[in-house]
Amino acid sequence: MKQESPGYVVLEVEGKSVRLPVVVGSEGEKGIDIGALRRETGYVTLDPSFMNTAACYSSITFIDGEKGILRYRGIPIEELVRKTMFVEVAYLLVHGELPNEEQRRNFSAMLNINSMLHEDMRHFFDHFPRGAHPMHILSTMINALAAFYPNVDLKSLSEDIDQSTARLISIVRTMAAFAYKKSIGEPVVYPRHDLSYCANFLNMMFDSPVKPYQIHPDAVRILNMLFILHADHEQNCSTTAVRTIGSAQVNLYATISAGISALSGPLHGGANQAVIEMLKMIQQDGNVKKFLDMAKDKNNPFRLMGFGHRVYKTYDPRAAIIKRECHAYLERTHYSDPLLDVAREVEEAALNDPYFIERNLYPNVDFYTGILYRALGIPENMFTVMFALARLPGWIAHWKEMIGSDTKIVRPRQIYIGKTPVETVGVMENREPLLQ
Ligand code: SDX
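Report on the accompanying structure. (Residues numbered from 1 in each chain as written. Predicted model: local features only at pLDDT ≥ 70, side-chain atom pairs only at ≥ 80, totals over all residues. Heavy atoms only, no water.)

## Observations regarding the sheet that holds strand E1 (residues 2–5)
The 4 strands are arranged E1-E2-E3-E4 in an open sheet whose pairing can be described as antiparallel. Since the sheet does not close on itself, it has two edges, and those belong to E1 and strand E4 (30–32), each with one partner. With strand direction ignored, the average angle separating the axes of adjacent strands in the sheet is 35°. (Pairing = 2+ DSSP bridges. Helix = DSSP H or I, 4+ residues; strand = E, 2+ residues; numbered from the N terminus. Axes fitted to C-alpha atoms, helices over the stretch in contact; angles between N-to-C directions.)

## Quick word on the pattern of salt bridges
On inspection of all chains with the given rule, the structure shows 28 salt bridges. With a closest N to O distance of 2.5 Å, Lys 280 and Glu 380 form a salt bridge. Remark: Glu 380 occurs in the loop between helix H17 (366–376) and helix H18 (383–403) and Lys 280 occurs in helix H12 (residues 271–285); sequence separation between them is 100 residues. On the accessibility criterion, Lys 280 (34% relative accessible area) is partly exposed. Asp 293 is the salt-bridge partner of Lys 289, the closest N and O atoms lying 2.6 Å from each other. Linking Lys 289 with Asp 293, this pair stays in helix H13 (residues 288–296), spanning 4 residues, or about one helical turn. (Salt bridge = Lys/Arg side-chain N within 4 Å of Asp/Glu carboxyl O. Buried < 20%, exposed > 50% of the residue type's maximum accessible area, 1.4 Å probe, protein only.)

## Let's talk about the environment of Phe 178
Mapping Phe 178 onto the fold places it in helix H7 (residues 154–183). On the accessibility criterion, Phe 178 (1% relative accessible area) is buried. Along the backbone, Phe 178 and Phe 125 are 53 residues apart, and their C-alpha atoms lie at a distance of 7.7 Å.

## Comments concerning the site of the ligand
The ligand sits among 23 residues. The nearest are His 233, Gly 306, His 309, Arg 310 and Arg 318. Relative to its unbound accessible surface of 1,100 Å², the ligand loses 80% to contact with the protein. For the shell around the ligand, a count of residues per class yields 9 nonpolar, 7 polar and 7 charged. (Near = heavy atom within 4 Å. Areas by Shrake-Rupley, 256 points an atom, 1.4 Å probe, with all protein chains shown as cover. Nonpolar A, V, L, I, M, F, W, Y, C, P; charged D, E, K, R; others polar.)

## Observations concerning the packing of aromatic side chains
Tallied over the entire structure, the rule returns 17 aromatic pairs. Both rings, one in Tyr 355 and one in Phe 356, keep their centres 5.0 Å apart while their planes meet at 75°; by these two values the pair is edge-to-face. Exposure remark for Tyr 355: the relative accessible area of 15% places this residue in the buried category. Given a relative accessible area of 3%, Phe 356 falls into the buried group. Following the ring pairs from residue to residue traces out a cluster consisting of Phe 307, Tyr 355, Phe 356, Phe 367 and Tyr 368. Here the guanidinium or amino end of Arg 173 rests over the ring plane of Tyr 197, the centre of that ring lying 4.3 Å away. (Phe/Tyr/Trp six-rings, centres within 6.5 Å; stacked < 30°, edge-to-face > 60°. Lys NZ or Arg CZ within 6 Å of the ring centre and 35° of its normal.)

## Thoughts on the state of the cysteines
Under the criterion given, the structure shown has 0 disulfides. No disulfide involves Cys 237; its sulfur sits 14 Å from the nearest other cysteine sulfur, which is in Cys 56. (Disulfide = S-S within 2.5 Å.)

## Some thoughts on helix H4 (residues 101–113)
Here H4 spans 18 Å end to end across 13 residues, near enough to the 18 Å set by a 1.5 Å rise per residue. Where H4 starts, the residue carrying a side-chain oxygen 3.0 Å from the main-chain nitrogen of Glu 102 turns out to be Asn 100. (Expected span 1.5 Å × (residues − 1). Polar contact = N/O pair within 3.5 Å; in protein donor to acceptor, adjacent residues only side chain to side chain.)

## A few points about the sheet that holds strand E7 (residues 75–76)
Read from one edge of the open sheet, 3 strands run E5-E6-E7, paired in antiparallel fashion. Either end of the sheet is taken by a strand with one partner, and the two such strands are strand E5 (61–64) and E7. With 4 bridges connecting them, E5 and strand E6 (residues 69–72) associate as antiparallel partners. Paired with Phe 62 across the bridge in E6 is Arg 71.

## Some words on the side chain of Arg 173
By secondary structure assignment, the location of Arg 173 is in helix H7. For the buried residue Arg 173, which engages in no salt bridge, the nearest side chain bearing the opposite charge is Asp 194, 10 Å off. For Arg 173, the side chain forms a polar contact with the side chain of Ser 170, separated by 2.8 Å. Contact partners of Arg 173, with chain neighbours within four places excluded, come to Leu 111, Ser 115, Ser 196, Tyr 197, Asn 200, Phe 201, Met 204 and Leu 389. (Lys, Arg positive; Asp, Glu negative; His and termini not counted. Contact = heavy atoms within 4.5 Å.)

## Focus: the environment of Val 365
As for its placement among the helices and strands, Val 365 is situated in the loop between helix H16 (354–358) and H17. Separated by 59 residues in sequence, Val 365 and Gly 306 have C-alpha atoms that sit 7.0 Å apart. Apart from the residues lying within four places of it in its own chain, the contact partners of Val 365 are His 230, Asp 316, Arg 318, Ala 319 and Ile 322.

The analysis is restricted to geometry; functional conclusions fall outside its scope.
Okay, structure coming up:
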């Protein structure tokens, strides 16, 4: 393959040649559009897990993994966490701009009016096993929304996408809190019209008829910050699932349900819960080096949870903010968590270990998040649910971008390495035909 001009490369294979356009993103990322490759040469490209493949154009989120940059619609996350609320960032991701005062008021009103769960759906919670993981409950309940709002298809959606967006972002918060209350055998707490998005969630989680929950502004601020930092991350596994399922023109709720399922994996959103479980094991054992050695041992499936990232080859900028806020919040609230000391010791050891240094393995968004969730009183099995609540606007933004473009149904090719007719000759000979 050689560069014919700044705008094209030429690939020559088996005497055939094809000119492939070079595409350049607004941040200078370069790609080769291989749309004509198979038609002109008969070849496909092979890139398992799409490590080197851009699946689409997108205007939502920009990540520079080498420099540790993350921007939503061009705005750095460091600015957003300092100067916006999660509801404004949700609007920014879905609509492309931060809302003005009127748009923010209208969006908040839509979130409020859509925060109630259909009373028939409330009874669904009575039939899940007590120990069911809330992520499974959440993906089931979101999928069930398709039964209650069946006409949320592409046509109807173009008319009331704001309605469906507000319903999803708001109702998923109510569902999460209901799932938690049911799991501890307490009566559910309904959303209140006079509370902000994050304050409402904390109140639904922790208020009770016998012990009113004291809403602390500092806790609400921390939750806003965590939700903003988790709100989108371009083409990650769960967002790719949403774009893939959505490309078949599946109902939006069923599409988001698939994103929740993908996020629940321990290599993805499930890592925040796995980090805490790992830190507890290390705390109990007391030997950090032993766990680092296990993580480095190719024959051991153990990995250092909360470390490493497909895109970031430096410190995850979200982890840096969360680590800083974690220290500050625990100090302000005089809440001490021994796992924070364990986390710092693990980070210090790993960042000075050649294995992790050579592979550019740094703390990612999940490494310190769980410690802040513990400080807020969130139970561990709800950590990944928190990630899903925050990621909802990102998933919706990508789904909306995908249906708004001329996306075809996602259907990758493959390289077949299975048996050939030569290897299966005679296999069917002794069978009676079933069809004449
Ligand atoms: C999220 O994509 C996103 O943007 C996701 C996310 C988002 O906001 O949506 O950022 C959220 O999912 C964060 C990641 C949470 N997962 C974890 O913390 C689980 C632990 N991390 C690893 O499993 C791993 O780092 C991944 C899954 C995150 C990334 O895996 P990759 O890109 O497939 O990396 P790899 O397996 O190719 O690793 C390269 C090398 C390998 O060693 P060698 O074969 O080169 O010798 O690094 C090693 C890996 O074995 N490695 C690790 C490691 N992560 C990578 N070794 C020990 N511990 C780890 N955590």
